[in-house]
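If you want the building blocks of each chain, they are given just below.
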Amino acid sequence: MVATATAQGAARNREAGQGAARCRPDARAGARADARPGARGATRRTAFYANLRPQLYRLIESETVDPVRNPYAPGAGQRPPELAGRDRELRQFEVVLERVARGRPERSMIITGLRGVGKTVLLNSFRSLAIQRLWGTGKIEARPDQSVRRPIAAALHMAVRELAPRHRAPDRIEEFLGVLKAFAQAGPEDDAKGKARVHRWSPGIDVPAARGRADSGDLEIDLTELLSDAASVATDVGSGIALFVDEMQDVPADDVSALCAACHELSQNGGPLIVVGAGLPHLPAVLSASKSYSERLFRYARIDRLDRASADVALLAPAEREEVTFTPEALDALYAAADGYPYFVQAYAKVVWDVAPDSPITAEDIRVAAPEAESELAVGFFGSRYERATPAERDYMRAMAALGDEPVATSDVAAELGRKPSSLSPARDGLIKKGLIYSAERGLVAFTVPHFGTFLRTQTA
Ligand SMILES: Nc1ncnc2c1ncn2[C@@H]1O[C@H](COP(=O)(O)OP(=O)(O)OP(=O)(O)O)[C@@H](O)[C@H]1O
Ligand SMILES: [Mg+2]
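Criteria and cut-off values
Residues numbered from 1 in each chain as written. Chains lettered and ligands numbered in written order. Predicted model: local features only at pLDDT ≥ 70, side-chain atom pairs only at ≥ 80, totals over all residues. Pairing = 2+ DSSP bridges. Helix = DSSP H or I, 4+ residues; strand = E, 2+ residues; numbered from the N terminus. Axes fitted to C-alpha atoms, helices over the stretch in contact; angles between N-to-C directions. Contact = placed C-beta atoms within 7 Å. Buried ≥ 20, exposed ≤ 12 C-beta atoms within 10 Å, placed from the backbone. Right-handed = clockwise from strand over helix to strand, strands pointing away. Near = placed C-beta within 6 Å. Nonpolar A, V, L, I, M, F, W, Y, C, P; charged D, E, K, R; others polar. Domains from an automatic or database assignment. Parallel < 35°, antiparallel > 145°, perpendicular 65-115°, else oblique. Left-handed = near helix turned anticlockwise from the far one by under 90°.

Student: Any chance you could explain the sheet that holds strand β10 (residues 444–447) here in plain terms?
Tutor: Strands belonging to one sheet form pairs held by backbone hydrogen bonds; the direction of such a pair is parallel or antiparallel. Read across the sheet, three strands follow the order β8-β10-β9 without closing on themselves; strand pairing throughout is antiparallel. The open sheet is flanked by β8 (408–409) and β9 (437–438), the only strands paired with a single partner. Pairing of β8 with β10, which is carried by two bridges, proceeds in the antiparallel orientation. The residue of β10 that forms the bridge with Ala409 is Leu444.

Dropping the structure here:
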């Protein structure tokens, strides 16, 4: 069905394009028009279009590919103009919400995938679904070396504030906020010198901190108590709370363990609160290393490159809303260039749109735009990450790249560099911590960034 719509759209616009005046003529457009096989029929169609011109005027006018109306959105967490190919995950999440709301036993969801496949965007779409159902929601982005205590307190504060106006007993909300404040203040916080000191953060809550609940300083106990109190506030208003954790692989090990334990406790009590995570492909391994039962606690959804039909939808749907389309050959060329990776799809489409003089966008437009798109990716997507690595880490990645695009054995990387595997551990661990590589399975490492090997092979040392 998608293919038919695509072909029809492309054909329709090709037809219209042949009769229409070029709104932004330039040398390239001229050369391209001559090369088009349909150009010969233009004279025959002139009379036909002359009669139709008044009706087609609007269409002909909008045939220009106007940079101001460029719909594509390359960028971390940038909402795409069309969320393509994620219907299954969205449906699954709707079922989770519905089951949790009805008090049915349900596992929460964890999305995993490589950099730029759309985890953050999908997490945000999940959040929108929860908000539509009038759930309270909050979101954190985990950072290495930062306890989740304070961010979770802030996120739950937000979630409960969303529910508060519907609660019949304001003192119950105040009671919860007192517990929340106690929780936020209970953890130690490292100061600039790395010394633990008492947390002084006050989350803008007027009520006094409660005593004796969620304030033990042990995150596992405190989180379990806090989440169960938050869930009971949600139960009071006949709703639920969803806490979203992005970059979940960066949650420090002790905190992951506490978070899993709290979720486990909650799932046993059937409270309407879920923790929904997103992270790199090794996140399931991180979770099961901390609690073996985590495999039964979460439903893992690995998201990947878009298949051809979804990639076409991601390109065509936003374009057609602006009355612009792509030829089938242009779609072929874009799929070959972007390889279905959502970030690349947006990045190429954004440049191609600005380069194309008019609709339909052709394979020639893609060819002209490719160098600019590639250099933007080299700087913004690959380069910015490469810059974060130390010289030793860069050597490690270059050795990985030299060994190919599949996950590689750490022993092979060591052999490639002529070093002992143990001497390379700091570089490998540093790269994992920076989220540039991950351990696909024991003894193997792979890039978290798609096409990173290709990028590195084109770099000089
Ligand atoms: N389903 C989709 N269809 C079309 N474009 C998408 C889709 N999902 C994401 N994108 C686009 O891909 C880009 C990357 O999305 P996002 O930041 O969510 O990826 P990510 O997996 O969170 O990456 P990272 O691991 O670097 O955080 C954005 O520009 C977004 O608009
Ligand atoms: Mg992200």
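From this point on, the discussion continues.
Student: Got a minute to help me understand the sheet that holds strand β7 (residues 298–302) in this structure?
Tutor: Across the sheet, five strands lie side by side as β2-β5-β6-β1-β7; this open sheet has parallel pairing. The two strands at the open ends of the sheet, each matched to only one other strand, are β2 (136–141) and β7. Ignoring which end each strand starts from, the neighbouring axes of this sheet average 15° apart. Pairing of strand β1 (residues 108–112) with strand β6 (residues 273–279), which is carried by three bridges, proceeds in the parallel orientation. Its bridge partner lying in β6, Ile110 is registered against Gly277. Packing against the sheet, helix α6 (residues 149–163) makes contact with β2 and β5 (241–246), and its axis sits at approximately 160° to β2. Lying on the sheet, helix α10 (residues 283–290) is in contact with β1, β6 and β7; it crosses β1 at an angle near 130°.

Student: Before we go on, may I ask you to explain the environment of Gly212 in this structure?
Tutor: Inspection of the secondary structure puts Gly212 in the loop between β4 (196–198) and α8 (219–236). Classification of Gly212 by C-beta neighbours within 10 Å gives exposed; the count is 9. It is 8.7 Å that separates the C-alpha atoms of Gly212 and Val179, two residues lying 33 residues apart in sequence.

Student: What is the right way to look at the pairing of β6 in this model?
Tutor: The element β6 is extensively covered by neighbouring structure, given that seven of its seven residues are classed as buried. Burial along β6 is two-sided: the residues Leu273, Val275, Gly277 and Gly279 and Ile274, Val276 and Ala278 are all buried. Note on the crossover from β5 through helix α9 (residues 253–269) to β6: the handedness is right-handed.

Student: I keep staring at the site of ligand 1 and nothing clicks. Help me out?
Tutor: Neighbouring ligand 1 are 24 residues, the closest being Pro80, Gly118, Thr120, Val121 and Pro342. Sort the elements by how many residues they give to the shell around ligand 1 and helix α14 (residues 342–355) lands first, with four residues. A class-by-class count of the residues in the shell around ligand 1 yields twelve nonpolar, nine polar and three charged. Two domains each provide a minimum of three residues to the shell around ligand 1, namely domain 1 (2–75 + 306–384) and domain 2 (87–302).

Student: Whenever I open this one, the packing of α6 against helix α7 (residues 170–186) confuses me. Can you help?
Tutor: The description of two helices packed together rests on the angle between their axes and the distance between the axes. Where α6 meets α7, the axes come as close as 9 Å, and the angle between the chain directions of the two elements is 165°. When the axis of α6 is compared with that of α7, the two are roughly antiparallel. The two elements α6 and α7 cross, and the hand of that crossing is left-handed. Where α6 abuts α7, its residues Arg149, Arg150, Ala153, Leu156, His157 and Val160 lie against Ile173, Phe176, Leu180, Phe183 and Ala184.

Student: Please explain unusual backbone geometry as it appears in this structure.
Tutor: Outside of glycine, negative phi angles account for most residues, and trans bonds account for most peptide bonds. Cis peptide bonds are those with omega within 30 degrees of zero, and the linkage from Ser359 to Pro360 qualifies with 0°. Positionally, Pro360 belongs in the loop between α14 and α15 (363–386).

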